[in-house]
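The lines below spell out each chain.
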Amino acid sequence: MLKELYLIPVAIYIFSYIPFLFKEKKVYKVFLSLIYTGFAVQTSIFFIFLSVKGLTMPVHIDRFVFFNAWILMFIVVLFGIFYKADYILLYITPLVALNLLVGFFVPHVHIKPDMLNTDRTILLTHIILILIGDSLFALAFIVSLIYIFQERKIKNKKNLKILDTNSGRGYNLELLDNINYQCLKIGFPFITLGIVMGLYLSGSLFRTFIVVKPIEIMSLITWLIYAVLLHERVAKGLRGKRAAIFSVAGFLLILFSLSFSFYLFPSFHGFE
Amino acid sequence: MDILIIGLNHKSAEIGEREAVSKKLLTVELRQEFTDRLLGLKDENGRSFVKEAVVLTTCNRSEFIMNLSSWAHGKGGHIIKNYIAKYFFGDAAEENIFYMYLNEDAARHLFSVASSLDSMIIGEPQILGQLKEAYNEACKFKKSGRFLNKLFHKAFNCAKTVRTETRIAASPVSVSYAAVELSKKIFNSLDEKKVLLLGAGEMGKLTVKHFIKNGVRNIYIANRTKENADKFVEESFAASEREYLNVIDFSEYYKLLPQSDIVLCSTGSEGYVLKYADILPVIKIRKQKPLFLIDISMPRNIDPEINKIPNVYLFDIDDIGKMIEGNIEIRKQEADAAKEFVETAVKDFMSWKESLNVVPVIISLRKKVKDILEIELSGYINDKKEKDLVINSLTNKILHEPTMLIKKASANPEGSNSIETLKALFNLDSEDPTGGDKRGEDENACKYIKLIK
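Residues numbered from 1 in each chain as written. Chains lettered and ligands numbered in written order. Predicted model: local features only at pLDDT ≥ 70, side-chain atom pairs only at ≥ 80, totals over all residues.

Engineer: Describe the overall build of chain A, and please don't skip the residues or the numbers.
Structural biologist: Counting its secondary structure elements, chain A contains 8 helices and 2 strands. Mapped from its N terminus to its C terminus, chain A presents α and β elements in the order α-α-β-α-α-β-α-α-α-α. Going through the 272 residues of chain A one by one, you find that 33% of them count as buried. Across chain A, contacts joining residues at least 24 apart in sequence account for 80% of those joining residues at least 6 apart. (Helix = DSSP H or I, 4+ residues; strand = E, 2+ residues; numbered from the N terminus. Buried ≥ 20, exposed ≤ 12 C-beta atoms within 10 Å, placed from the backbone. Contact = placed C-beta atoms within 7 Å.)

Shown next as C-alpha cells:
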C-alpha cells in the first residue's frame, strides 16, 4: 500500500516543470521551490519506511529503487547547494521521477537471500554502497553531458547570443568539470567497497570468490574505467571534454549492467 | 503645471553641437548659473515661466527638464527654446537642433531616457545614474520642487521596472564586457585567475578594467616597448587599479603563458604573436587546465588553428562582434516590451498630474461647506469638539458623491468645463496645490534619492 506514496513526489516533480510554460521571470524560483518540496516529501517517505521496517533484510526490491531515487536527489541537492549550481536539478529530476515510477511499477517482491545473518548485513551494505556510488556517477554523467554540450557551444561559437548573463549563469566549464571530479573522487571508494563486498558474498554463496558471472565482468570493467579515469585525473591532470566522455561511458556501462542484472536477466547477477 | 523638456542628443545634433552645449554645462557652477537663468526667465508682466528645473548633461545628451508656471500653460515653450539656443550658440536660428516635449510627451521621453530606451546603446546602465545625479544636484540647490520630485521618482521606478522585468540589460554589447562574460562561461571564479595582456591599446585597457571590476587581481602587461607599457599603466589606470597590474618585459611573456588563464592580445603586430606550436606545449604544462585567448587585434595576432587544441578557447574580434550583434538584436526586441512599462508609467503620472488640478477645487468646496455648517450649527451645538465632529461628518456625507464626480471629470479631457462650472456655481477660489514657487521643500524626496543612489 505504501508504494502509492511514491506517486506524490513524482506528481510534484512533474508539476514543477509546468511553470516553464509561462515566460515569467520568477519561473526558476517557483521551479526550485517545488523541487525542494518534492524532495522534502520524498525524505519524509524515506523516514516513514525506516521507522516502519528499519534497516534489515529481507527488503522489497521497490524499496531499493526508491532509496536509489532518494539518495540521488539527496546528493544532487547537496552538490547544488555546495557549488551554487542548483540548475543541475533541472536535468536530474526527470531521472529521479523515472526511478520513482520504476519503483512503483516494479513487482512487490522480497529479496530473500538464503544466507547467514552476517552475510545479510553485508548484502544490505553492498547494495547501499553501490547505490550511493552509482548515484554519484549518475550526477557525474549528467554534469558531463552538460559539459560536453556547453563546451561544444563555446568551441563552435554558435548560438553565442544566448551566452548571456541570465541564460548561461552557472554553466561554466570549470565548475562542471570540478563537480565531475568530486563525484568521481567520492563515488569511487563507495563502488570499490561495494564490489569487494559483492565478491565476498559471491564467495560465500558459491563457495568461490571468482565465479565468472556476467555481472562481475561488467562491474570490473566499469570499475576499471573509473579507476583509469581517476588515475589520469590525479596523475596526469586529465580534465575537460575527455574526462566528461569517460564519465559518460562509465555510467552507460553501469546502466547497462544494472538493467541486465535486475530487469532483463536476473541470472546475470547470480539471482535465481 | 506643465512639464517641458528641451534638449539635444545624438539623434538631433552633431557631436560638435553637443560639445558646445556640454562645455557650457561642464561644472556644477555653470549648470547652476544656467538653471538660475531659466528660473529667472519672465514675461512682459514680470511673471516667471519656469518654477522648477533640472539640468541633465551626459556625453550624448543635454536636457533641461522644467515645470512651467500654471499661467504659462506650455505657451512659454518656444520662448524658452529660443532663449536656450541663444545662450549656447549665440544664435536663435540654432533652435531647430533642440527637441521640445510637453506634458505627456515629456513624461514619456524622460521615462524612456531613464530606462535607457533612448540611449545610443539601448539598455546601457550609466544613464540612470547620470539622471539621478542631475536630480540630486537640483535637490541640493533647491531647484526642484514637489512636481519634478514626483516626475523623477516615477522615472526611476519605471527604469527599475524595465530593468527587472525585461532582459534589456542582460546581454553584453561591448567588446570588453563580452570578453569578461565569455570568460565567466569558462571559469568558475575570476578572483584567482591570471590575465596576461599583450600590447597596450585602448580596447585592452577597457577589457583589463572590466576584469579588475570582476575580481581579477593578477594582471601582467607585456608590450614591445616597456616604457610605453609603463606609461600606459600610469595614464590609463587609477592608483587602486594599478596595484593589480604588473608590467613585464615582452621577451618574458612566453614564460608566463603556462600560468596565465586568460590571454588578451591587442598588439599592432602584422603576423601571429601566438602560434599553434606555441600553445600546444603550454596546455600540457598546464595539465589541460582551460586557457582562454582573446584576440582583439586587427590584423589577428593569434593563430585561429589554436582553437582546435582541447581545453583552449579562442575568440577573436569577429566572434565577439557577432555575439554582440545578436545581443543588440535581443535588446531591441526587449525595448518593445519595455515601452509598455513606460506607457503605463506615463499614464499613472498623467492621471496624478490631472488629479492635482482638482485638488484645490475639492479643498475650496469642502472649506465652503464647512464654513456654512459652522455658521448654521453654532447656535445649536456649543461644545467645539462635538461641533467639529458633526461638521466633518456632514461634509463628508454631502460631498462624497460630488468629490468622486470631480475626480472622474479630471481624468476626462472635457472635464475641465464641468470643473469651471462648479467653481463658478460655488464661487470657489482655488490655490496652487504644488505650493507655488516653493522649491526644495520636499527634503524627504531628495533623501530617498540619496539612499537609492
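Still more to cover.
Engineer: Describe the overall build of chain B, naming the residues involved and giving the relevant values.
Structural biologist: Helix and strand content of chain B: 16 helices and 10 strands. Across the 453 residues that make up chain B, the buried fraction comes to 39%. Restricting to contacts in chain B with at least 6 residues of sequence separation, those with at least 24 account for 72%.

Engineer: Tell me what's going on with the interface of chain A and chain B, and back it up with residues and numbers.
Structural biologist: Each side of the interface is counted separately: chain A has 23 residues, and chain B has 25 residues. Within the residue set of the side of chain A that touches chain B, elements represented by two or more residues are α5 (117–156), α6 (173–206) and α8 (241–264) of chain A. Considering only residue class, the side of chain A that touches chain B consists of 7 nonpolar, 7 polar and 9 charged. (Nonpolar A, V, L, I, M, F, W, Y, C, P; charged D, E, K, R; others polar.)

Engineer: Tell me about the environment of B:K255, and name the residues and values.
Structural biologist: Among the structural elements, B:K255 can be located in helix α11 (residues 253–256). Each C-alpha atom of the pair B:K255 and B:V282 lies 9.4 Å from the other, and the pair is 27 residues apart in sequence.

Engineer: Describe in detail the confidence of the model for chain A, supporting the description with residues and values.
Structural biologist: Here chain A averages 81 in pLDDT, and 79% of its residues register 70 or above. Every residue in residues 161–168 of chain A scores below 50 in pLDDT, and together they form 20 contacts with partners more than four places removed in sequence or on other chains. (pLDDT = per-residue confidence, 0-100.)

Engineer: Pulling in residues and values, what's your account of the confidence of the model for chain B?
Structural biologist: All names here are of chain B. Confidence along chain B averages 84 in pLDDT terms, with 92% of residues attaining 70 or more. Looking at the elements of chain B, mean pLDDT is at its lowest for helix α16 (residues 443–452), recorded as 47, and at its highest for helix α4 (residues 103–114), recorded as 94. In the predicted structure, residues 433–437 sits below a pLDDT of 50 and forms 12 contacts with residues beyond four places in sequence or in another chain. The low-confidence segment residues 447–453 (pLDDT under 50) makes 8 contacts with residues lying over four places distant or belonging to another chain. Our summary of model confidence lists the complex with pTM equal to 0.66 and ipTM equal to 0.81.

Engineer: Quick one: what's the story with the packing of helix α7 (residues 175–186) of chain B against helix α8 (residues 202–213) of chain B, residue by residue and with numbers?
Structural biologist: Residue and element names in this part refer to chain B. Interaxial distance between α7 and α8 falls to 8 Å at its minimum, and their mutual angle equals 45°. Of the possible angle classes, the one that applies to α7 and α8 is oblique. Relative to α8, the crossing made by α7 is right-handed. Counting all contacts with α7, which are made through V175, S176, Y177, A179 and V180, the residues of α8 involved are M203, L206, T207, H210 and F211. Split by residue class, the contact of α7 with α8 holds 7 nonpolar, 3 polar and no charged. (Axes fitted to C-alpha atoms, helices over the stretch in contact; angles between N-to-C directions. Parallel < 35°, antiparallel > 145°, perpendicular 65-115°, else oblique. Left-handed = near helix turned anticlockwise from the far one by under 90°.)

Engineer: I'd like to hear about the nonpolar core, residue by residue, with values.
Structural biologist: A:L139, A:A140, A:V143, B:L198, B:L264, B:C265 and B:L293 are the most contacted members of the largest nonpolar core, which totals 100 residues. In terms of residue count, the dominant contributor to this core is α5(A) (15 residues). When neighbours within four sequence positions are excluded, B:L293 is seen to be in contact with B:V263, B:I302, B:I306, B:V312, B:Y313 and B:L314. Counting 57 residues, the second-largest nonpolar core is a separate cluster that includes B:I127, B:C139, B:C158 and B:F341. (Core = buried A, V, L, I, M, F, W, Y, C linked by C-beta atoms within 7 Å.)

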